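Residue-level structure breakdown
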Amino acid sequence: MLIIFPGFAKALGYAERLLNDFTGKKDRFNFGHQRLRNPDLLKMIEASLERHKPVVALYFDIAKFHVIEQVSGQQAAARVLAMFNHVLRGNIPILFHNAKILAVENLWGDDFVSLISFEQEADLIKLNNVSADSRVSIIESIKQEVLRFTGGPLEIHVGHAIINYKSENLESQLYQAVRTAQGIAKGFIDLQKTQLLSEFNMLLEGSCFNVVYQPIVSFHSGSILGWEALTRGPRDSYFNSPDIIFSFAEEVSMLYPLEKLCRQNAISHFGETGPEQKLFLNIHPRTLNDPNFVRGETMKMIKEVGLKPRNIVFEITERHSINDFPYFNRTLEYYRGQGFLVAVDDVGSGFSCLQSIAEIRPDFIKIDMSLVRGIHNNRVKRALLETFTTFAEKISCWIIAEGIEEEDEFNTIANMGVHCGQGFYIGMPVYPKTFLSEDVSTRIMRMASNGRNRIWKYAFPVGYIAENAITVHKSMLVREVKKIFDKDELLPGVVVAEDGEPKGLVMRHHLYRFLGMQYGVPLYYERPIAMIMDGSPLIVEEDLPIETVSQVAMNRDKVKLYDYIIVTKNNLIKGVVSVQTLLDNMTRIRLELARGANPLTGLPGNIAIEQELLRRTAENMLYSIVYIDLDNFKIYNDKYGFENGDNVILFTSKLLSSVINKYGDEKDFLGHIGGDDFILITGRGRADTLCERVIKYFDRLIKSFYAPEDRKEGRIFGRDREGREKWFPFMSISMAIIECGEGETTDLRILSEKAAQVKCYAKSIPGSVYVYDRRNRES
């Protein structure tokens, strides 16, 4: 049975050919593709595939048809096209009399496609023979007439593709098959790669591409910022490497279905995560222009697994050109409006244009590994990275250094003030996602505790400065909300909520802008506030550092720049923070840091600690360094929250100060490294007494920080660093003592490493203890 669907009018075909050169123009192909979106045709294809009968797409193209138009004239060209159309429709059923012809379709001008259902599987050799036979048959049928009209021979290009299995989206599958056949016909796809294409399609349809996750760590907080999802093929396949997978998909115009599958895998297998941890997803700019691209798919995927838009970061590589930047930018703005974040990937791999990056306004800039490898030995690379870091701070985004594979690279980058890092040294790409190794975690936490930029998380969670929020239900009428503003002239905004969860934000000036429009009052006054609220305000969890919140807040659209920041606790409203409050606290904190004090405890910070050690060393003093750390503090913090955790840190600082005042010397020095880490510098011979008193009072008083039911149990239930659930004892205090002077090293780096080793040994002993570095003492 032959079914012929109406073709284009000749005039439209000529206009299309004259106006659009196919190369670089997606609209021409997409317009033709609309003709294949016939429900009856799709049903016939589906029926054939369900009966295990493959469907072959044959694509016919008259070579250099534009030359015929130009040399022989449009009238001759029209006759050639009419003959070709007639012969093709007559010969296809004869050539494939044992097969079922589903369609013979004129996509546009001189390009045709035929869809044929075969009774048996069609392999590569058979497809090549089919293409050759059809080409020869058509040329032989019209060559004499063409010669008479044009004075020259006719050349036809034929391409083929096969659909063996029905996928979830048959329309997209048909589109890709026709696109592949077109690529072969026009020489975009090498015939030798068609066999690989068959394997690629089988892997794609069978969802055989796997996902692995590589951790990205914050050098500021010492914790995992998020994971990048990476794609891997089967180990024994040609398509094992991600570079091969995506390069091949781009070459055969199958980027979108591949990327969609990878995105589904990455999101569905991501598992549990912290409220502010991120999943980084790679996207190719061209997939946003793909005709099968559907807005809202990613939002649907993340809702199914309980993720929020702020957990998702779209990575756009600078390796790929963006042909339609305005459309691309509009699409990014659409995603930003929903709350998704954006990263520019592989910066430094080419000729990075800072202006283009600034126009995209990314939340993260990922530095390519070519700039990271060997950076500790390359002054030029360090200067470039410093430039990017300064640039990132100017546009309020974070730098992530990729490809960190050696300890020297890690130390250099972390000490340069780079925000985050990623690479084999930090963590390998694995599935399922894992926590950091103890060794790497210790190194990162040490980095996070050194320098003025490393203590933000512990000292300044945004929840500390949150103010009570006025909330309204989304069904409340606009006039009722206006009454709330009228009663309190100093109220900047209200949060729209449902069951305690923020759904939107209404700022005073935004409300008045709507009502002040022409017909604004009759249009909105009696409508629910949800109609005019900002449905994608900035929402952050209470334990997020205020420096991070400040960077995100100041990177918002100008119209939202001074809107409230909504603070949540376990996704429920805790309060709001104004930009003024945020900036005031940032200024206060920086002043305190400049004075060398830890803003949480008021104790001297890292700068003052280094100065004290250098002073004692320069004066050849004999002294002991006591490094103090709390055991099981993280477990307590996870269960009781950061506010209670900070109360424990404050208690510890006051306890240490009290013991020193009562049993120490006026020259003793107490400093706060960061988090639950402290340092005590005292004279030789006094460390034992001080440590014994600290342990005595700490063990007696720490129990008061636990709930009655936990005190009764004598332990708490939680997760370790590997995510395993088990019982943990109450917090205890571990102290590592290093003696300095009399020929002992005064190198601060070596002292820090020795202290870390001794502290690790102390923490391996249950309960509160203090231990000496026995390598420097007689047994």
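Scoring rules and cut-offs
- Residues numbered from 1 in each chain as written.
- Predicted model: local features only at pLDDT ≥ 70, side-chain atom pairs only at ≥ 80, totals over all residues.
- Heavy atoms only, no water.
- Helix = DSSP H or I, 4+ residues; strand = E, 2+ residues; numbered from the N terminus.
- Buried < 20%, exposed > 50% of the residue type's maximum accessible area, 1.4 Å probe, protein only.
- Contact = heavy atoms within 4.5 Å.
- pLDDT = per-residue confidence, 0-100.
- Phe/Tyr/Trp six-rings, centres within 6.5 Å; stacked < 30°, edge-to-face > 60°.
- Lys NZ or Arg CZ within 6 Å of the ring centre and 35° of its normal.
- Pairing = 2+ DSSP bridges.
- Axes fitted to C-alpha atoms, helices over the stretch in contact; angles between N-to-C directions.
- Polar contact = N/O pair within 3.5 Å; in protein donor to acceptor, adjacent residues only side chain to side chain.
- Parallel < 35°, antiparallel > 145°, perpendicular 65-115°, else oblique.
- Left-handed = near helix turned anticlockwise from the far one by under 90°.
- Core = buried A, V, L, I, M, F, W, Y, C linked by side-chain atoms within 4.5 Å.
- Expected span 1.5 Å × (residues − 1).
- Arc of directions from axis to C-beta.
- Nonpolar A, V, L, I, M, F, W, Y, C, P; charged D, E, K, R; others polar.
- Salt bridge = Lys/Arg side-chain N within 4 Å of Asp/Glu carboxyl O.

Topic: the overall build of the chain
The helix and strand tally for the chain stands at 29 helices and 25 strands. Looking at the chain as a whole, 53% of its 779 residues are labelled buried. When contacts within the chain are restricted to residue pairs at least 6 apart in sequence, long-range pairs at least 24 apart make up 71% of them.

Thoughts on the confidence of the model for the chain
Looking at the chain, pLDDT values average 79 and 82% of them are 70 or higher. Averaged pLDDT values for the elements of the chain fall to 35 in helix H1 (residues 10-19) and rise to 95 in strand E13 (residues 471-473). Contacts from residues 1-31, a stretch scored under 50 in pLDDT, to residues over four places away or in other chains number 69 contacts. Below a pLDDT of 50 lies the segment residues 448-459, which in the model reaches 44 contacts outside its immediate sequence neighbourhood of four places, other chains included.

Comments concerning the packing of aromatic side chains
The tally for this structure, following the rule as stated, stands at 19 aromatic pairs. Aromatic side chains tyrosine 640 and tyrosine 706 sit 5.8 Å apart centroid to centroid with 90° between the ring planes, which places their arrangement in the edge-to-face category. Residue tyrosine 640 is located in helix H25 (residues 633-640), and its partner tyrosine 706 is located in the loop between helix H27 (687-701) and helix H28 (708-713); the two are separated by 66 residues in the primary sequence. An aromatic cluster is defined as three or more aromatic residues linked by ring pairs; in this entry it consists of Phe200, Phe209, Phe239 and Phe248. One cation-aromatic arrangement involves arginine 513 over phenylalanine 514; the distance from NZ or CZ to the ring centre is 5.2 Å. The cationic tip of arginine 715 hangs over the ring face of tryptophan 727; the distance from NZ or CZ to the ring centre is 4.1 Å.

Structural notes on the sheet that holds strand E15 (residues 501-507)
Pairing is mixed across the open sheet formed by three strands, whose spatial order is E13-E14-E15. Every other strand in the sheet has two partners, leaving E13 and E15 as the edge strands with one partner each. For this sheet, the mean inter-axis angle between neighbouring strands, taken without regard to orientation, is 35°. Of the pairings in the sheet, the one linking strand E14 (residues 493-498) to E15 comprises six bridges and is antiparallel in character. Residue pairing for E15: glutamate 498 is matched across the bridge by glutamate 501.

A short note on the sheet that holds strand E18 (residues 572-577)
Strand pairing in a sheet is mediated by backbone hydrogen bonds. Such pairs are either parallel or antiparallel. Spatially, E16-E17-E18 is the arrangement adopted by the three strands of the open sheet, whose pairing is mixed. Here the strands that pair on one side only, and so sit at the sheet edges, are strand E16 (539-541) and E18. On average, each strand axis in the sheet is inclined to that of its neighbour by 35°, with strand direction left out of account. Here strand E17 (residues 565-569) runs beside E18; their pairing, made up of five bridges, is antiparallel. Each bridged residue has a counterpart across the sheet, and for threonine 568 the counterpart in E18 is isoleucine 573.

Focus on the environment of glutamate 228
Relative to the assigned elements, glutamate 228 resides in strand E6 (residues 224-232). By relative accessible area, which is 4% here, glutamate 228 ends up buried. In this structure the side chain of glutamate 228 is engaged in a polar contact, spanning 2.9 Å, whose partner is the side chain of lysine 366.

Considering the pairing of strand E2 (residues 100-108)
For E2, the buried fraction is high: eight of the nine residues fall into the buried class. With seven bridges connecting them, E2 and strand E3 (residues 111-117) associate as antiparallel partners. Residue pairing for E3: glutamate 105 is matched across the bridge by valine 113. Connecting E2 to the next strand, E3, in antiparallel fashion are two residues, including glycine 109 with a positive phi near 40°.

Remarks on the packing of helix H26 (residues 642-663) against H27
For the pair H26 and H27, interaxial distance at closest approach is 10 Å and the crossing angle is 140°. Of the possible angle classes, the one that applies to H26 and H27 is oblique. You can see that H26 and H27 cross each other, and the crossing is right-handed. Taken together, the residues of H27 that come into contact with H26 (itself represented by Phe651, Thr652, Leu655, Leu656, Val659, Ile660, Lys662 and Tyr663) are Leu690, Arg693, Val694, Tyr697, Phe698 and Leu701.

A few points about the nonpolar core
The nonpolar side chains of a soluble globular protein tend to be buried, and buried together. Membership of the largest hydrophobic core comes to 48 residues, with the highest contact counts inside it found for Ile365, Ile367, Ile404 and Ile413. Looking at which element gives the most residues to this core, the answer is helix H15 (residues 379-394), with four residues. Not counting residues up to four positions away in its chain, the partners in contact with isoleucine 413 are Phe219, Val372, Ile375, Leu385, Ala401, Ile404 and Val418. Counting residues in hydrophobic clusters, the runner-up holds 37 residues, among them Ile660, Leu680, Ala687 and Ile737.

Description of H15
Between its first and last C-alpha atoms H15 spans 23 Å; for 16 residues at 1.5 Å apiece the expected length is 22 Å, and the two agree. Considered for burial, the residues of H15 that qualify are Lys381, Leu385, Phe388, Thr389, Phe391 and Ala392. For H15, the angular spread of buried residues about the axis comes to 165°, placing them on one side. Across H15 from its buried face, at more than 90 degrees, point the exposed residues Arg379, Val380 and Lys394.

Structural notes on the packing of helix H4 (residues 65-72) against helix H5 (residues 74-95)
Where H4 contacts H5, the two axes come as close as 6 Å, and the packing angle between them is 140°. Judged by the angle between their axes, H4 and H5 are oblique. Of H5, the residues touching H4 (which contributes Phe65, Ile68, Glu69 and Ser72) are Gln74, Ala76, Ala77, Val80 and Leu81. Residue composition of the contact of H4 with H5, by class: six nonpolar, two polar and one charged.

A closer look at the pattern of salt bridges
Scanning all chains against the criterion turns up 26 salt bridges. In this structure, arginine 686 engages aspartate 668 in a salt bridge whose closest nitrogen and oxygen atoms are separated by 3.1 Å. Here the residue arginine 686 occupies a position in the loop between strand E21 (677-683) and H27, and aspartate 668 occupies one in the loop between H26 and strand E20 (669-674), the gap between them amounting to 18 residues. Residue aspartate 668 is classed as buried on the basis of its relative accessible area, which comes to 11%.

Considering helix H22 (residues 546-553)
Owing to its 3.6 residues per turn, the α-helix aligns residues three or four sequence positions apart on the same side. Most of H22 sits inside the fold, with seven of its eight residues counted as buried. Among the residues of H22, those classed as buried are Ile546, Glu547, Thr548, Val549, Ser550, Gln551 and Ala553.

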